[in-house]
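What follows is the residue order along each chain.
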Amino acid sequence: VQLQAFGGGLVQAGGSLRLSCTASGSIFNSYSMLWYRQPPGKRREWVASITTGGSTNYADSVKGRFIISRDNAKNTVHLQMNSLKPEDTAAYYCNAALATLRGPINYWGQGTQVTVSS
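**Student:** Can you help me understand the nonpolar core in this one?
**Tutor:** The nonpolar side chains of soluble globular proteins are, as a tendency, buried together. Ranked by internal contacts, the top residues of the largest apolar core, which has 29 residues, are Trp 35, Leu 79, Met 81 and Tyr 92. In contact with Leu 79, not counting residues within four places along its chain, are Leu 17, Arg 18, Leu 19, Trp 35, Val 47, Ala 48, Phe 66, Ile 67, Ile 68 and Tyr 92.

The structure is reproduced here in structure tokens:
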């Protein structure tokens with residue numbers, strides 16, 4: 001599985017951005033999809049996730065502002081980011097995760113930079 005993330009950019013505080021991540025291959029439907037981010041000088045942190053069945057979870061820091069969704073027909077996961085804050089500035093990464101009897105399988109896309117100006 002290869003993941004391609006895009007949609008980052010520069011936005012003013014209070015604005016919105018929509019990130020997308022497209023997966024190659026025909027097994028996209030089997031994977032939970034997640035977004036992580038890594039602020040400058042900090043560790044990578046989990047942002048949001050969506051299961052194959054569409055159940056979603058969010059980090060407290062983005063709950064109520066970000067929405068994760070998936071389009072299985074297009075092998076794509078989206079992250080709609082609203083009411084952006086300067087502290088949302090980070091490189092955002094998409095992740096495909098699958099739990100197997102042999103252990104977890106993870107694939108990562110390259111990061112897409114989001115910069116929120118105050």
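**Student:** I'm lost on the sheet that holds strand β3 (residues 17-23) in this one. Help?
**Tutor:** Adjacent strands of a sheet pair through backbone hydrogen bonds, lying either parallel or antiparallel. The four strands lie next to each other as β1-β3-β8-β7, forming an open sheet whose pairing is antiparallel. The sheet terminates laterally at β1 (3-6) and β7 (66-71), the two strands that pair on one side only. When strand polarity is set aside, the average angle formed by the axes of neighbouring strands in this sheet is 15°. Note that β7 and strand β8 (residues 76-81) share six bridges and pair antiparallel. If you follow Arg 70 over to β8, its bridge partner there is Val 77.

What counts and how
- Residues numbered from 1 in each chain as written.
- Predicted model: local features only at pLDDT ≥ 70, side-chain atom pairs only at ≥ 80, totals over all residues.
- Heavy atoms only, no water.
- Core = buried A, V, L, I, M, F, W, Y, C linked by side-chain atoms within 4.5 Å.
- Buried < 20%, exposed > 50% of the residue type's maximum accessible area, 1.4 Å probe, protein only.
- Contact = heavy atoms within 4.5 Å.
- Pairing = 2+ DSSP bridges.
- Helix = DSSP H or I, 4+ residues; strand = E, 2+ residues; numbered from the N terminus.
- Axes fitted to C-alpha atoms, helices over the stretch in contact; angles between N-to-C directions.

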